[in-house]
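Results of the structural survey
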Amino acid sequence: PHAGPVESKNEAAMSELVPEPRQKPVVPMKPMGINANLLGYIGIDTIIEQMRKKTMKTGFDFNIMVVGQSGLGKSTLVNTLFKSQVSRKSSSWNREEKIPKTVEIKAIGHVIEEGGVKMKLTVIDTPGFGDQINNENCWEPIEKYINEQYEKFLKEEVNIARKKRIPDTRVHCCLYFISPTGHSLRPLDLEFMKHLSKVVNIIPVIAKADTMTLEEKTEFKQRVRKELEVNGIEFYPQKEFDEDLEDKTENDKIRQESMPFAVVGSDKEYQVNGKRVLGRKTPWGIIEVENLTHCEFALLRDFVIRTHLQDLKEVTHNIHYETYRAKRLNDNGGLPPMTAETEENHESNL
């Protein structure tokens, strides 16, 4: 008995829709009977929280390499960056030690915790780089080290019984220290960046920027940018890896205005206007490291840690490592060569 009126209602509704031709497709009627409240909150937004919990448990790896001549304040800058003694001063480095004859590579690992987030930070130092009279090919040990870390990761990845979480020792970021000459880049700087910009994310920084006047600093930055462009050297963030317009706009601003960051590092605290600040004391006042009107340290820290740390890791994994992996597997017809060790593992697995 009740079917009649409902059908006639539907027919009436249909006949109303049919006569006039519409440009837009007709929106189907809502099915009767489903309570509107049922289509309320589902809870998809908790996925972010689930991911956060999972990543918090595993923690984070970040490997940062510092390259440049001795005396440019590399250790001090990294210590300032992470507000703790993470670079070589803390690792029994004596002032009396002679400059290494060749480039050495020292990796020091630390666990830093802040607000419940644990990060395993590795600082890779390269004492001896650029300190010889003849610096020919002195980037080779550095390139070798970077590739060795990719190789290590690749070997773990192609193991039959591979670890669920492969330890990541790949270099995510290389801070390259440019001497504050105010003139132009040295041939060594250009050679290093040419060779290594293809295998690692390079962030150029002008060290000890307090040795230059503001005009000199601005001019030097422009000159460095121009020279990098003329020599076809891509530094991080690379143009071709911008994912969308928002990224492009943000990164263009960094590439055209901030790079290379003119920085001053310091691990000494001073009292300024009743506040304790990190700074360098000079006869005419204190250079505040975190004050943007004094230097661009705060910009560099925000860039490396607060906005682009995850992206540095992703570009390393998806671009640099992927390039290495593809080349390596191509050269070997698909697999890394079997060593005695991997053969034993292979047999034990079988």
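The shown structure was predicted, so the numbers you read here are calculated from the model rather than taken from an experiment. (Residues numbered from 1 in each chain as written. Predicted model: local features only at pLDDT ≥ 70, side-chain atom pairs only at ≥ 80, totals over all residues. Heavy atoms only, no water.)

Side note on the overall build of the chain
For the chain, the count of helices and strands is 10 helices and 9 strands. Burial statistics for the chain: of 350 residues in total, 39% are counted as buried. Total accessible area on the chain is roughly 21,800 Å²; 54% of this is exposed by carbon and sulfur atoms. (Helix = DSSP H or I, 4+ residues; strand = E, 2+ residues; numbered from the N terminus. Buried < 20%, exposed > 50% of the residue type's maximum accessible area, 1.4 Å probe, protein only. Areas by Shrake-Rupley, 256 points an atom, 1.4 Å probe, with all protein chains shown as cover.)

Re the pattern of salt bridges
Tallied over the entire structure, the rule returns 20 salt bridges. For arginine 301, the salt bridge is made with aspartate 302, and the minimal N-O distance between the two is 3.8 Å. Each of Glu151, Lys155 and Arg328 takes part in one network of salt bridges that share partners. (Salt bridge = Lys/Arg side-chain N within 4 Å of Asp/Glu carboxyl O.)

As for the pairing of strand β9 (residues 285-288)
For strand β8 (residues 275-282) and β9, the ladder comprises 4 bridges, and the chain directions are antiparallel. Bridging across to β9, lysine 281 finds its partner in isoleucine 286. Here β8 hands over to β9 after 2 residues, the two strands then running antiparallel side by side. (Pairing = 2+ DSSP bridges.)

A short note on the side chain of threonine 282
Looking at where threonine 282 falls in the secondary structure, it is placed in strand β8. Judged by relative accessible area, which is 18%, threonine 282 ranks as buried. Engagement of the side chain of threonine 282 in a polar contact is seen with the backbone oxygen of glycine 285, the distance being 2.7 Å. (Polar contact = N/O pair within 3.5 Å; in protein donor to acceptor, adjacent residues only side chain to side chain.)

With respect to a negative patch on the surface
Residues Glu243, Asp244, Glu246, Glu250 and Glu314 make up a contiguous surface patch of negative charge. Looking at where glutamate 250 falls in the secondary structure, it is placed in helix α7 (residues 245-258). (Patch = residues over 30% accessible without salt bridge, like charges linked within 9 Å, V, L, I, M, F, W, Y side chains within 5 Å. Lys, Arg positive; Asp, Glu negative; His and termini not counted. Charge placed at Lys NZ, Arg CZ, Asp CG, Glu CD.)

A few points about the sheet that holds strand β1 (residues 60-67)
With respect to topology, 6 strands assemble into an open sheet ordered β2-β3-β1-β4-β5-β6, the strand pairing being mixed. Each edge of the open sheet is held by one strand with a lone partner, namely β2 (106-114) and β6 (261-262). Where β1 and strand β3 (residues 117-125) come together, 7 bridges link them in parallel fashion. For methionine 65, the partnering residue across the bridge sits in β3 and is isoleucine 124. Running over the sheet, helix α4 (residues 140-158) touches β1, β2 and β3 and is turned about 170° from β1. (Contact = heavy atoms within 4.5 Å. Axes fitted to C-alpha atoms, helices over the stretch in contact; angles between N-to-C directions.)

Thoughts on the packing of aromatic side chains
Within this structure, the stated rule accounts for 8 aromatic pairs. Considering the side-chain rings of phenylalanine 261 and phenylalanine 303, the 5.5 Å spacing of their centres and the 40° angle between planes classify their relative orientation as tilted. Taken together, the positions of phenylalanine 261 in strand β6 and phenylalanine 303 in helix α8 (residues 297-307) put the pair 42 residues apart, joining distant regions of the chain. As far as burial versus exposure is concerned, phenylalanine 261 and phenylalanine 303 are alike and both buried. Aromatic rings pair up to connect Tyr150, Phe153, Tyr321 and Tyr324 into one cluster. Arginine 170 extends its terminal NZ or CZ atom over the ring of phenylalanine 153, reaching a point 3.7 Å from the ring centre. (Phe/Tyr/Trp six-rings, centres within 6.5 Å; stacked < 30°, edge-to-face > 60°. Lys NZ or Arg CZ within 6 Å of the ring centre and 35° of its normal.)

Side note on the pairing of strand β7 (residues 269-272)
The pairing of β7 with β8 spans 4 bridges and is classified as antiparallel. By the bridge assignment, valine 272 is partnered in β8 with lysine 275. Between β7 and β8, which pair antiparallel in sequence order, lie 2 residues; one of them, asparagine 273, sits at a positive phi of approximately 50°.

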